[in-house]
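Reading the structure
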Amino acid sequence: MESKRQQKFAGVLQQDLAAIFQREGMNYLPNTLVTITKVRVTPDLAIARVFLSFFNNTNTQQALQLVKSHASEIRYKLGARIKDQVRVIPQLEFFVDDTNEYVERMDKLFDKISKEPRQPDEEQ
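Worth saying up front: this structure is predicted, and the values here are computed from it rather than measured.

Rules of the game
- All residue numbers refer to positions counted from 1 along the written sequence of the respective chain.
- With pLDDT at 70 or above as the cut-off, local features in this predicted model cover only qualifying residues; side-chain atom pairs require 80 or more to be listed or tallied, and sums for whole chains, interfaces and linings still use all residues.
- With hydrogens and water stripped out, all remaining heavy atoms of the structure feed into the side-chain values.
- Think of it this way: any DSSP run of H or I at least four residues long counts as a helix, any run of E at least two long counts as a strand, and we number them from the N terminus.
- In this scheme, a residue with accessible area under 20% of its type's maximum is buried, one over 50% is exposed, and one in between is partly exposed, where area comes from a 1.4 Å probe on protein chains only.
- We call two strands paired when DSSP finds no fewer than two bridges between them.
- For helices, the fitted axis covers only the stretch in contact; all axes are lines through C-alpha atoms, and the angles between them, taken along N-to-C directions, range from 0 to 180 degrees.
- Throughout, a residue-residue contact means that at least one pair of heavy atoms, one from each residue, lies within 4.5 Å.
- Between rings of Phe, Tyr and Trp, where Trp is taken as its six-membered ring, a pair exists when centres lie within 6.5 Å; planes separated by under 30 degrees are stacked, by over 60 edge-to-face, and by other angles tilted.
- Two conditions define a charge located above a ring, namely a distance within 6 Å from the ring centre to NZ of Lys or CZ of Arg, and an angle within 35 degrees of the ring normal.
- As used here, the term nonpolar core means buried Ala, Val, Leu, Ile, Met, Phe, Trp, Tyr and Cys residues forming a set that is joined through side-chain atoms within 4.5 Å.
- Bend at a residue means the angle formed by two fitted axes: the first through the 7 residues ending at that position, the second through the 7 residues beginning there.
- We count a salt bridge whenever a side-chain nitrogen from Lys or Arg sits within 4 Å of a carboxyl oxygen from Asp or Glu.

With that settled, consider the environment of Tyr 76. Mapped onto the fold, Tyr 76 is located in helix H3 (residues 71-82). Relative accessible area serves as the criterion here: at 66%, Tyr 76 is assigned to the exposed category. Placed 43 residues apart in sequence, Tyr 76 and Gln 119 show a C-alpha to C-alpha distance of 61 Å.

It is worth spelling out the pairing of strand S2 (residues 47-55) at this point. As judged from the 8 bridges shared by strand S1 (residues 33-41) and S2, these two strands associate in the antiparallel manner. Paired with Val 34 across the strands is Phe 54, a residue of S2. The pairing of S2 with strand S3 (residues 91-96) spans 6 bridges and is parallel. Residue pairing across strands places Ile 47 opposite Gln 91, the latter belonging to S3.

Here 3 strands make up an open sheet; going across it, the order is S1-S2-S3 and the pairing mixed. At either end of the open sheet lies a strand with only one pairing partner, and these are S1 and S3. Strand-to-strand twist of the sheet, defined as the mean angle between neighbouring strand axes without regard to direction, takes the value 30°. Helix H1 (residues 4-28) contacts S1, S2 and S3 of the sheet and is inclined by roughly 160° relative to S1.

Looking now at the packing of aromatic side chains. Evaluation of the coordinates by the stated rule reveals 3 aromatic pairs. With centroids separated by 6.2 Å and ring planes inclined at 70°, the aromatic side chains of Phe 21 and Tyr 28 adopt a geometry described as edge-to-face. The exposure class of Phe 21 is buried, given its relative accessible area of 4%. Judged by its relative accessible area of 4%, Tyr 28 is buried. We note Lys 38 situated over the ring of Phe 51; from NZ or CZ to the ring centre the distance is 5.0 Å.

So, about the side chain of Thr 60. Examined against the element boundaries, Thr 60 turns out to sit in helix H2 (residues 60-69). Setting aside its immediate chain neighbours within four residues, Thr 60 contacts Phe 54, Val 96 and Glu 101.

Of all hydrophobic cores here, the largest spans 29 residues; its most connected members are Phe 21, Leu 52, Phe 54 and Phe 94. Elements with a minimum of two residues in this core: H1, S1, S2, H2, H3 and S3. The biggest single contributor to this core is H1, with 7 residues. The contacts of Leu 52, once residues within four sequence positions are left out, are Phe 21, Val 34, Thr 35, Ile 36, Thr 37, Leu 64, Val 67, Phe 94, Phe 95, Val 96 and Asp 97.

Here we take up H1. The α-helix advances 3.6 residues per turn, and as a result positions three or four apart in sequence lie on the same side. If you look at H1, its biggest bend is around 50°, right at Gln 22. Along H1, the residues that are buried comprise Gln 6, Phe 9, Ala 10, Leu 13, Asp 16, Leu 17, Ala 19, Ile 20, Phe 21, Gly 25 and Tyr 28. Against S1, S2, H2, H3 and S3 lie the buried residues of H1.

Considering all chains together, one arrives at 5 salt bridges under this definition. When the shortest N-O distance is used, the salt bridge between Glu 2 and Arg 40 registers 3.7 Å. Note that Glu 2 is positioned in the segment before H1 and Arg 40 in strand S1, a separation of 38 residues in sequence. Arg 49 is the salt-bridge partner of Glu 93, the closest N and O atoms lying 3.3 Å from each other. You can see Glu 93 sitting in strand S3 and its partner Arg 49 sitting in strand S2, a full 44 residues away along the chain. Each member of the salt-bridge network shares a partner with another, and the members are Glu 24, Glu 73 and Lys 77.

Note that all results are geometric; they support no functional claim without further evidence.
What follows is the structure in structure tokens.
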């Protein structure tokens, strides 16, 4: 469970990273919208796990690798924005947030189940 401090810091990181990706995202991934869906921070605030969602992109793994290759540059820009608020700029770890894909898969399964004919319950 995250402390209030971790949650507050994660919120600040999420806002600032979203602004960075909004301004600089086209340099990393042209024609792709990158959304910061979630940020989780370790208790010592040294590592931030950033979950990304990519829209208008067919290959999410390639997009993730491209973002990871620019991680130090993104961390530098983040540091310039939050330098007065923190002592140490956290290391950034990027992950794909596949929640939307999971929800779509589950919806398809539920639709398939609901369309199957129901068998009457047998009483014993």
